[in-house]
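Here are the chains, one letter per residue:
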Amino acid sequence: MESTPLEPFTSLTPELTERLREQTLNVLSYLVKTNSATTYFKESAILPQFRAALHLTDGQIEPLDFSATELFEIYRNNVGLSIYEDYFPVISRLFERQCNMSSVENLMAPGLPSNNAGKNCSLVSLTYRQVVTPLDGDGDIAKHIPVCLVSSGCYRIENSMPVENDAFSVTLKIPRYSSPIAISLIPNYKSGLFMHALFALAEPKLETISIMFTTACRDLCRTIDNRWEDLIHCIETGVITDLDGIAAVKDNLQDFLQPNPDRVEELRRIGKTTDTPGWFRQIWPQLRVILANASGPFATLIPEIRHYAGPDVSVQSVVIASSEAFFGRCFLPVDKPEESKYLAQSWNVELGRKYEVVLTTRDGFWRYRLGDVVEIAGFNPRDGPPLIRYMGARFIFQVNLMYLTLVAAATLRNVIDATSDLFGGVSEFCVSPDYRQAVARYAFFVELQGDPGANISAVPTALHDQLQKHNENYLRDSQMGKIGVPCVRVVQPGTFGDYRGWKVATKGAAAGQVKVAVVIWVEADRAWLEERVMYDI
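This one's a predicted model, so the numbers in the text were calculated from it and none came from an experiment.

A. Layout of the nonpolar core. Met-195 and Trp-284 are the most contacted members of the largest nonpolar core, which totals 61 residues. Of all the elements in the fold, those that place two or more residues in this core are helix H9 (189-201), strand E4 (206-213), helix H10 (214-226), helix H11 (228-237), helix H13 (261-270), helix H14 (279-283), strand E5 (289-293) and helix H15 (302-309). In terms of residues, this core owes the most to one element, H9, which gives nine residues. Look past the residues within four positions of Met-195 in its chain and what remains in contact with it is Ile-183, Ile-186, Ile-240, Thr-241, Leu-243, Ile-246 and Leu-253.

And the structure:
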């Protein structure tokens, strides 16, 4: 019998506080001592005060003979916040025309950057932007390092798939996974979704769907829905159809698809019963869980995914991670000045308070500002770490409309949630400034989950009222006539899925983690969305 999950604590016990503090100090001590031998530590313009406090001189590393507590105090008082630009001069050495191993070894962490980073349908992208090949002293290639997503790197590590072996890897299919590895190297977003859907449908014993974000999960659901007959035809004939971006791996995929008349008969008997919740449980009776990041801006997709999957399939966010690191060491309150002296540690954050995550990692970040804002939702009752609720990105956390009105991105999501019934159900949305009238206003680009609500005409006024309720700046400026009632622009079904595909194809976005920002500023993106508007409210 499974044990009942423990409820999160609302505050830490003295014992958990001390345990968490000791653990954090020991980890920090290890990170500092390990990374003190790196190029970044020696050359960084943000660490000279720290080096001086450790009695080190530039270019000279002495043994760091400090206790964990002593080192923490020195670190806390002498290391400021860092951003991407602080690391660029060092990281750029990886991309020099002739990259020598001696110049990139021990850059931010000891050694060279690593390139090893029932059935399950796991959607992972192994594509990469480029492969860095540093040379050894003899001018030979010392290593192949793909520039890729952290999820891609971790998948390669877990399955021992160095990039130089990709020609062999595409001939493989990992046991207990429905999709051949070759699908992960398809650069076209929609073609990749089709192929994952095809091999998942061919597998009747699917138990888990694992994917990075609910947005991609919803796109997979709609691919199965919209391409149902095409998918069944492929399973019936055992022939891989021609799609954009699959030529390089089509033969490899074909090796894993054989005609399966029994499965086709089963699927045709089930049919497209999308009007009834739980269609996926008819297709896959053993399906029990969908693993996808469903917090923050990804939460609006949960109702639609639950409709496809049914009430007996759980939707779980297993981990809150980032491309920069899997966890942060300290937290910067969003209501305090953006200075390191205001940083809170994991053992003294406050329940319900919002913080920006700041990272110190084994890969060489030193109080790096991640830019993501989280809310403390409680504390793990077993060992104390704070449980966090993702709120949004701080650097786009405020929408500045004509430099007049500031509204948090999280507030925009709350406003949509409060008016969702009037819409008839919102699948996805984003917001852009609208200057088509004399008075500026917000334009909400909205994709509906189904038919419009009976009272959808009341949505703009309801949005306006909610924004006034939740934001003092908006209330003040609207009362002064500086900002007008929002407009709502309903886009075609599937628009946001197409938008993700467009970003991958035209902007080099990573297929494995492509997402739509809550706030759209780029004119080309806004114009692309406007072309898909069906009607304004």
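There is more to say after this.
B. Examining the pattern of salt bridges more closely. Taken as a whole and judged by the stated rule, the model has 34 salt bridges. Arg-222 serves as the salt-bridge partner of Glu-304, at 2.8 Å between the closest nitrogen and oxygen. Placement of the pair is Glu-304 in helix H15 and Arg-222 in helix H10, with a sequence separation of 82 residues. For the pair shown, Glu-304 and Arg-222 are each scored as buried. Between Arg-441 and Asp-434 there is a salt bridge, with its nearest N and O atoms 3.1 Å apart. Of the two residues examined, Arg-441 and Asp-434, each falls in the buried class. One salt-bridge network, held together by shared partners, links Arg-218, Asp-219, Arg-222, Glu-304, Glu-428, Glu-447 and Arg-500.

C. Spotlight on the pairing of strand E16 (residues 487-491). The buried count for E16 comes to five of five residues, which makes it a mostly enclosed element. One ladder, built from four bridges, connects strand E15 (residues 441-448) with E16; its direction is parallel. Among the inter-strand pairings, Val-446 is bridged to a residue of E16, identified as Val-490.

D. Geometry of empty space enclosed by the protein. For the second largest cavity, the calculated volume is near 60 Å³. Lining the second largest cavity are Thr-24, Leu-28, Phe-72, Tyr-75, Arg-329, Cys-330, Gln-345, Thr-360 and Arg-367. In terms of residue class, the lining of the second largest cavity is built from four nonpolar, three polar and two charged.

E. A look at the packing of H10 against helix H19 (residues 495-507). Where H10 contacts H19, the axes come no closer than 10 Å and their chain directions differ by 110°. Judged on the interaxial angle alone, H19 and H10 are roughly perpendicular. The way H10 lies across H19 gives a crossing that is left-handed. Here H10 contributes Thr-215, Arg-218 and Asp-219 to the contact with H19, which in turn contributes Phe-496, Gly-497 and Arg-500. For the contact of H10 with H19, a count of residues per class yields one nonpolar, two polar and three charged.

F. Just helix H7 (residues 150-158), in detail. Restricting attention to buried positions, one finds in H7 the residues Ser-151, Ser-152, Gly-153, Tyr-155 and Arg-156. Ser-160 occupies a position one or two residues after H7 and carries a positive phi of about 50°.

G. Seen up close, the layout of surface pockets. Space inside the second largest pocket adds up to approximately 520 Å³. Lining the second largest pocket we find 29 residues, and of these Lys-190, Arg-222, Asn-226, Gly-494 and Asp-498 sit closest to its centre. Breaking the lining of the second largest pocket down by element, the ones donating at least two residues are H9, H10, E16, H19 and strand E17 (533-536). Looking at which element gives the most residues to the lining of the second largest pocket, the answer is H10, with six residues. Per-class residue counts for the lining of the second largest pocket are twelve nonpolar, nine polar and eight charged.

H. Spotlight on the environment of Glu-236. Summarising the element assignment, Glu-236 is placed in helix H11. Taking the C-alpha atoms as reference, Glu-236 lies 9.9 Å from Leu-257; in sequence the two are 21 residues apart. Excluding anything up to four places from it in sequence, Glu-236 contacts Pro-259, Asn-260, Val-264 and Arg-268.

Rules of the game
- Sequence order sets the numbering: in each chain, residues are counted from 1 along the sequence as written.
- Residue-level local features of this predicted model are given only where pLDDT is at least 70; pairs of side-chain atoms are given and counted only at 80 or more, and the full residue set underlies all totals for whole chains, interfaces and linings.
- Only hydrogens and water are removed before side-chain values are computed, so all heavy atoms of the structure are retained for them.
- To qualify as a nonpolar core, a set must consist of buried Ala, Val, Leu, Ile, Met, Phe, Trp, Tyr and Cys residues joined through side-chain atoms within 4.5 Å.
- For each residue, the accessible area found with a 1.4 Å probe, counting protein chains only, is set against the maximum for its type, and the residue is called buried under 20%, exposed over 50%, and partly exposed in between.
- Numbering of helices and strands starts at the N terminus; helices are DSSP runs of H or I of at least 4 residues and strands are runs of E of at least 2.
- Any pair of residues with heavy atoms lying within 4.5 Å of one another is described as a contacting pair.
- Throughout this description, the term salt bridge denotes a Lys or Arg side-chain nitrogen within 4 Å of a carboxyl oxygen of Asp or Glu.
- Two strands form a pair only when DSSP identifies at least two bridges running between them.
- Cavity means a closed set of points on a 1 Å grid over the protein atoms alone, one where a 1.4 Å probe fits but cannot get out, pocket means an open set with protein on both sides within 12 Å along at least 5 of 7 lines, and lining means a residue has an atom within 4 Å of a point.
- Grid points are joined across faces, edges and corners, and a volume is the space filled by probe spheres set on the points.
- All residues other than Ala, Val, Leu, Ile, Met, Phe, Trp, Tyr, Cys, Pro, Asp, Glu, Lys and Arg, Gly among them, are scored as polar; the first ten of these are nonpolar and the last four charged.
- Every axis corresponds to a line fitted to the C-alpha atoms, with the helix fit spanning only the stretch in contact, and the corresponding angles, defined between N-to-C directions, vary from 0 to 180 degrees.
- When describing relative orientation, an angle under 35 degrees is termed roughly parallel and one over 145 degrees roughly antiparallel, while 65 to 115 degrees is termed roughly perpendicular and anything else oblique.
- Left-handed describes a crossing whose near helix is turned anticlockwise from the far helix by less than a right angle; the clockwise case is right-handed.

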